[in-house]
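Given next are the chains, with one letter for each unit.
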Amino acid sequence: HVASTDPDIIDIVELYTVGNPALTIEKNHIEAYPFLSGIEIHNSTGEIARVTAFIDSGAMTNVMCTETWRRVGRRLGHLEQSHKKLRMANGAIVPSEGVWRGTIDWGGKKVSGQFEIFPSGGAWSFLLGKPLLEQFGAIHRHDTDTILLRVGTHYVELYNRATTTKRGK
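Just so you know, the residues in each chain are numbered from 1, in the order the chain's sequence is written. pLDDT decides what is reported in this predicted model: residues at 70 or higher carry local features, side-chain atom pairs at 80 or more are listed and counted, and totals for whole chains, interfaces and linings draw on all residues regardless. Only hydrogens and water are removed before side-chain values are computed, so all heavy atoms of the structure are retained for them.

What counts as a helix is a DSSP run of H or I of at least four residues, what counts as a strand is a run of E of at least two, and both are numbered from the N terminus. Residue placement: Asp105 occurs in strand β9 (residues 99–106). Three exposure classes are used, based on accessible area relative to the maximum for each residue type with a 1.4 Å probe and protein chains only: buried under 20%, partly exposed in between, and exposed over 50%. For the purpose of charge, His is not counted, nor are the chain termini; Lys and Arg are scored as positive and Asp and Glu as negative. Whenever a carboxyl oxygen of Asp or Glu lies within 4 Å of a side-chain nitrogen of Lys or Arg, that contact is scored as a salt bridge. Buried charge without a partner: Asp105 forms no salt bridge, and the closest opposite charge is Lys110, 4.4 Å away. Whenever two N or O atoms come within 3.5 Å, that pair is a polar contact, provided that in protein one can donate a hydrogen and the other can accept it, and provided that, for residues adjacent in sequence, both atoms are side-chain atoms. A polar atom in the side chain of Asp105 sits 3.1 Å from the backbone nitrogen of Gly108. Should any heavy atoms of two residues lie within 4.5 Å, those residues are counted as being in contact. Residues contacting Asp105, with those up to four places away along its chain left out, are Ile39, Glu40, His42, Lys110 and Phe136.

Turning to the pattern of salt bridges, a few remarks are in order. Here the structure, examined in full by the defined rule, presents 5 salt bridges. The salt bridge involving Glu134 is made with Lys130; its shortest N-O contact spans 4.0 Å. Of this pair, Glu134 and Lys130 both sit in helix α2 (residues 130–136), 4 residues apart, roughly one helical turn. Lys130 sits in the partly exposed class, given a relative accessible area of 37%. Where Arg141 meets Asp143, a salt bridge forms, and the shortest distance between an N and an O atom there is 2.7 Å. Take Arg141: its relative accessible area is 33%, and that puts it in the partly exposed class. Given the relative accessible area of 60%, Asp143 is considered exposed.

This paragraph deals with the environment of Glu116. Within the fold, Glu116 resides in strand β10 (residues 109–118). Take Glu116: its relative accessible area is 2%, and that puts it in the buried class. The spacing of Glu116 and Ser82 is 34 residues in sequence and 7.7 Å in space, taken between C-alpha atoms. Not counting residues within four places of it along the chain, the set of residues in contact with Glu116 comprises Thr61, Asn62, Val63, Met64, Ser82, Lys84, Ser96, Gly98 and Val99.

Attention now goes to the pairing of strand β14 (residues 154–159). Strand pairing requires that DSSP identify at least two bridges connecting the strands. As paired strands, strand β13 (residues 146–151) and β14 are joined by 6 bridges and run antiparallel to one another. Of the residues in β14, the one forming a bridge with Thr146 is Tyr159. Between β13 and β14, which pair antiparallel one after the other, the connecting turn spans 2 residues, and Gly152 there sits at a positive phi close to 65°.

Moving on: the sheet that holds strand β12 (residues 139–141). Pairing is antiparallel across the open sheet formed by 3 strands, whose spatial order is β12-β13-β14. One side of each edge strand has no neighbouring strand; the edge strands of this open sheet are β12 and β14. Sheet twist, expressed as the mean angle between neighbouring strand axes with direction ignored, is 30°. Convention adopted: a line fitted to C-alpha atoms gives each axis, helices being fitted over their contacting stretch, and angles between N-to-C directions are expressed from 0 to 180 degrees.

In structure tokens, the structure reads:
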């Protein structure tokens, strides 16, 4: 048996490839914070839902929390059925409640993307994982806690909402 590399065929997706990055950690007296950024999700008729995304390159899929979907989903249209199951960091396997496909705008750059609907237990509203990070061509500058996105012929620098007030940005 050979595993498929087609993400639409894979039934169980590893949500995280490493431990839980949602926790603020301290090492050598330096605090690390999760990267939070605003995104816009566009439906086919032009309506927009704005959410705060938790940026996580360790997440192997993109996910909107079920509670967030209940709040903004009516503006985004219908969900498609998903057969994917998400394996959590603790090994639990949770079925997706559906998949949404459409346009996502981050920092002025728009891509066609998709995300699964899944109950996060209040950990985050939207998990922007590796698939969308690759589509956006995101460059995460850990030394400055910023992300660079190429938009047209220039780069846009995005600041971490979790730390901008602490750093005066």
